[in-house]
Protein chains: 2
Amino acid sequence: MRIALDAMGGDFAPGPIVAGAVQAVKADSHLRIVLVGDHAQIERALAEHGGSHARLEIFHCSQVITMEDSPVVGLRKKPDSSIIRCWQLMAEKKVEAVVSAGNTGAVVAAGLRLRRFLKHVRRPGIAATMPTLHGPCVMLDVGANVHPKPSHLYQYGVMGTIFAKQIFKKEMPTIGLMNIGSEEQKGHDLAKETHALFNNSPLQEQFVGNIEGRDIHKGAADVVVCDGFVGNVVLKVCEGLFDFIMKVTAKEVLGSLTSEREHAERAIHRLAHQYDYSEFGGAPLLGIDGICIICHGASGDRAIKNALAVAARNAAAGINQLIVKELEAGPLADSGEDE
Amino acid sequence: MRIALDAMGGDFAPGPIVAGAVQAVKADSHLRIVLVGDHAQIERALAEHGGSHARLEIFHCSQVITMEDSPVVGLRKKPDSSIIRCWQLMAEKKVEAVVSAGNTGAVVAAGLRLRRFLKHVRRPGIAATMPTLHGPCVMLDVGANVHPKPSHLYQYGVMGTIFAKQIFKKEMPTIGLMNIGSEEQKGHDLAKETHALFNNSPLQEQFVGNIEGRDIHKGAADVVVCDGFVGNVVLKVCEGLFDFIMKVTAKEVLGSLTSEREHAERAIHRLAHQYDYSEFGGAPLLGIDGICIICHGASGDRAIKNALAVAARNAAAGINQLIVKELEAGPLADSGEDE
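So, a few notes on the structure that sits alongside this text. (Residues numbered from 1 in each chain as written. Chains lettered and ligands numbered in written order. Predicted model: local features only at pLDDT ≥ 70, side-chain atom pairs only at ≥ 80, totals over all residues. Heavy atoms only, no water.)

Superposing chain B onto chain A takes a rotation of 180° plus a shift of 0.0 Å along the axis, which leaves an RMSD of 0.0 Å. Taken together, the rotation angle and the small translation identify this as a two-fold axis. Looking at the interface residues of chain B, 98% of them are also at the interface in chain A, so both copies use one shared face. (Least-squares fit on C-alpha atoms with pLDDT ≥ 70 in both. Contact = heavy atoms within 4.5 Å.)

Before going further, it helps to examine the state of the cysteines. As used in these notes, a disulfide is a covalent bond between sulfur atoms, one from each of two cysteines. Using the criterion set out here, one finds zero disulfides over all chains in the structure. Cys292 of chain A forms no disulfide, and the closest cysteine sulfur to it belongs to Cys295 of chain A, at a distance of 8.8 Å. (Disulfide = S-S within 2.5 Å.)

With that settled, the discussion passes to the packing of aromatic side chains. Residue and element names in this part refer to chain B. Scanning the model with the defined rule gives 10 aromatic pairs over all chains in all. With 5.1 Å between their ring centres and 50° between their planes, Tyr154 and Phe198 make a pair best called tilted. On the criterion of sequence distance, the pair formed by Tyr154 in helix 6 (residues 150-167) and Phe198 in helix 7 (residues 189-199) is long-range, its members being 44 residues apart. Both residues of the pair, Tyr154 and Phe198, belong to the buried class. (Phe/Tyr/Trp six-rings, centres within 6.5 Å; stacked < 30°, edge-to-face > 60°. Helix = DSSP H or I, 4+ residues; strand = E, 2+ residues; numbered from the N terminus. Buried < 20%, exposed > 50% of the residue type's maximum accessible area, 1.4 Å probe, protein only.)

Another aspect to go through is the environment of Pro14 of chain B. Residue and element names in this part refer to chain B. Within the fold, Pro14 resides in the loop between strand 1 (2-6) and helix 1 (15-27). Residue class for Pro14 comes out buried when judged on its relative accessible area of 9%. Separated by 280 residues in sequence, Pro14 and Ile294 have C-alpha atoms that sit 16 Å apart.

The full count for this structure, using the stated rule, is 26 salt bridges over all chains. A salt bridge links Asp69 of chain A to Lys78 of chain A, with the nearest nitrogen and oxygen atoms 2.5 Å apart. Taken as a pair, Asp69 of chain A and Lys78 of chain A share a single burial class, namely buried. The salt bridge involving Arg214 of chain A is made with Glu239 of chain B; its shortest N-O contact spans 3.1 Å. (Salt bridge = Lys/Arg side-chain N within 4 Å of Asp/Glu carboxyl O.)

All names here are of chain A. With their axes 9 Å apart at the nearest point, helix 6 (residues 150-167) and helix 7 (residues 189-199) run at an angle of 50° to one another. Of the possible angle classes, the one that applies to helix 6 and helix 7 is oblique. The crossing of helix 6 and helix 7 is right-handed. For the pair helix 6 and helix 7, the contacting residues are Pro150, Ser151, Leu153, Tyr154 and Gly157 in the first and Leu190, Glu193, Thr194, Leu197 and Phe198 in the second. Its residues assigned to classes, the contact of helix 6 with helix 7 comprises six nonpolar, three polar and one charged. (Axes fitted to C-alpha atoms, helices over the stretch in contact; angles between N-to-C directions. Parallel < 35°, antiparallel > 145°, perpendicular 65-115°, else oblique. Left-handed = near helix turned anticlockwise from the far one by under 90°. Nonpolar A, V, L, I, M, F, W, Y, C, P; charged D, E, K, R; others polar.)

All names here are of chain B. The 11 strands are arranged 3-2-1-4-11-10-5-6-9-7-8 in an open sheet whose pairing can be described as mixed. A single partner strand is all that each edge strand has here, and the edge strands are strand 3 (56-60) and strand 8 (207-211). Here the strands of the sheet are splayed against their neighbours by 25° on average, with no regard to which way each runs. Bridge count between strand 1 and strand 2 (residues 32-37): five bridges; the pairing is parallel. From the neighbouring strand, Ile3 faces strand 2, where its bridge partner is Ile33. (Pairing = 2+ DSSP bridges.)

Another point: the interface of chain B and chain A. Contacts between the two partners involve 58 residues from chain B and, on the opposite side, 57 residues from chain A. Together, the buried faces of chain B and chain A total about 5,200 Å²; carbon and sulfur atoms form 70% of this surface. Sorting the residues of chain B by area buried against chain A places Arg214, Phe229 and Phe244 of chain B first, and these three jointly supply 14% of that buried surface. If you look at where chain B meets chain A, you find six salt bridges. For Lys236 of chain A, the salt bridge goes to Glu212 of chain B, with nearest N and O atoms at 2.4 Å. On the surface where chain B and chain A come into contact, there are 19 residue pairs in polar contact (both at pLDDT 80 or more). Breaking the side of chain B that touches chain A down by element, the ones donating at least two residues are helix 7, helix 8 (228-255) and helix 9 (261-274) of chain B. Tallying contributions element by element places helix 8 of chain B first for the side of chain B that touches chain A, with 20 residues. (Buried area = accessible area lost by both parts, 1.4 Å probe. Polar contact = N/O pair within 3.5 Å; in protein donor to acceptor, adjacent residues only side chain to side chain.)

Laid out in structure tokens, this is it:
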């Protein structure tokens, strides 16, 4: 398994990115990582974080698309950027996966430009894993597609169930449609049309209908389908609210304790670590030909190591082949990339 | 101040609704409440919760629009429902405000049918108060308008700033546009057009631009503007995630303690109470001629009491008159109800 890792992508790159790569190759003897970015900076980071490794190589490039760059302008003006070079390595079949904590819009846009969609896929989507009271669920799309059609959302349901089955090992994953009420006639036109599409499809039995925002963390569905605008906002609201609650909880709870304060402090620290949204190990862009894992901009070494492992796991499970096979048998199989 | 209270609306009605009314009239000697609903049930609840009161009267009606009813069908088939009767009392000027914890869609739809919009208002919106690290912020719309135009979102900014100024006592409230990135060109068409509208308006100086989901609880803006679909999902996601985190925190933190366990338990209980999303005291439907406060379906007596106080406060502050005055002077003043 060879993975191109965008060494320049992320708020603290290349330090923690390179550190995560060093940890990943040590943990998985089948992994080879191509660190894509500025040679000198990567060398320095490597020296700091454990030195070179036979399965770590550097692919030099001179440019970086920053978090502030517009994806469209960035891609046009920075042809030698790490994001573009990663995808080119994939297009040339020199790697099987791309992992980046860089500008999400640019990673997605470069992927859509340099790679084909998987056969029958109308639009790729980013699949984020969220914690619930009954284990993880996957929500998609969280930012690749802000103007989806009902057919796109239906396919997110197909791709999400394959992901949940392979990665979460759920035998028969349930699918919920994010909406503002549980009744069938609720919500905007997109929600109503998507609801009807699921109800008249082979996924009908797995479709639990509309779910509301408060149902996600209860574990009401294994797969939560929504448009990329809503999904992106929800994911980031969760991150912000989690942070907020940890802060007020630490203040209120620790303030109430004396002798056992340290115990509680450690417990809160464990929780903050366990549910840290920047550490969830990356969200796959599903539906594109190749594996792409998108990481939080604030990713640390642990998040990068996790994301590299997720890429390897997605490849091993053959997620992409299963998506094509499933869509082939479904109601929206066709040869075009969009309707 | 006379308020029509939908005694039949809410998951546990009429018990906690009536109890909240009893507490409210005791706390505020200027308040008169009309309890709208089934006479016998209200009488029973009154007997349970402190008995009758000179400033509490009952307006009998025979029907209830349930949480499961479609708003449109409910309004058509249940002309003698508590929701419709509340709005009729307002239309007949027998009350100045309506408070309901019933079917939100039906409350809004009945209001839009039985009352006019305030002059210059293109579309009313529901304004929910959220906690942040720097005091409360107001997010609107959270469910009245799932297909808004940029002009609607702009007006939500106007109405939200008036609310934040009067109710939160912020001198110069800031406005953020909910989006999926901070850059101007981010998001869907609605977001881009709304961004441009704010940037070329009298609110330009208060407009802090796009904010992301993770910024809300940091207190990045006093007023968060979004479409009703996104706002509704966000509000309910916060409710669900808060509940989730309180559960895992209680388990992890309390499990780590022995002698001081009770102290921590009380602190967590205080927190859960303080940020209980069902207790936030109701969200005003802004932009309609009259005062309407929409409560969480799970509202308890404290939430209803708070909502009645919010209604009184909105009336005292003259929010509606200020909205008309502000819109009159702004770029979208006109005589039509929509463009």
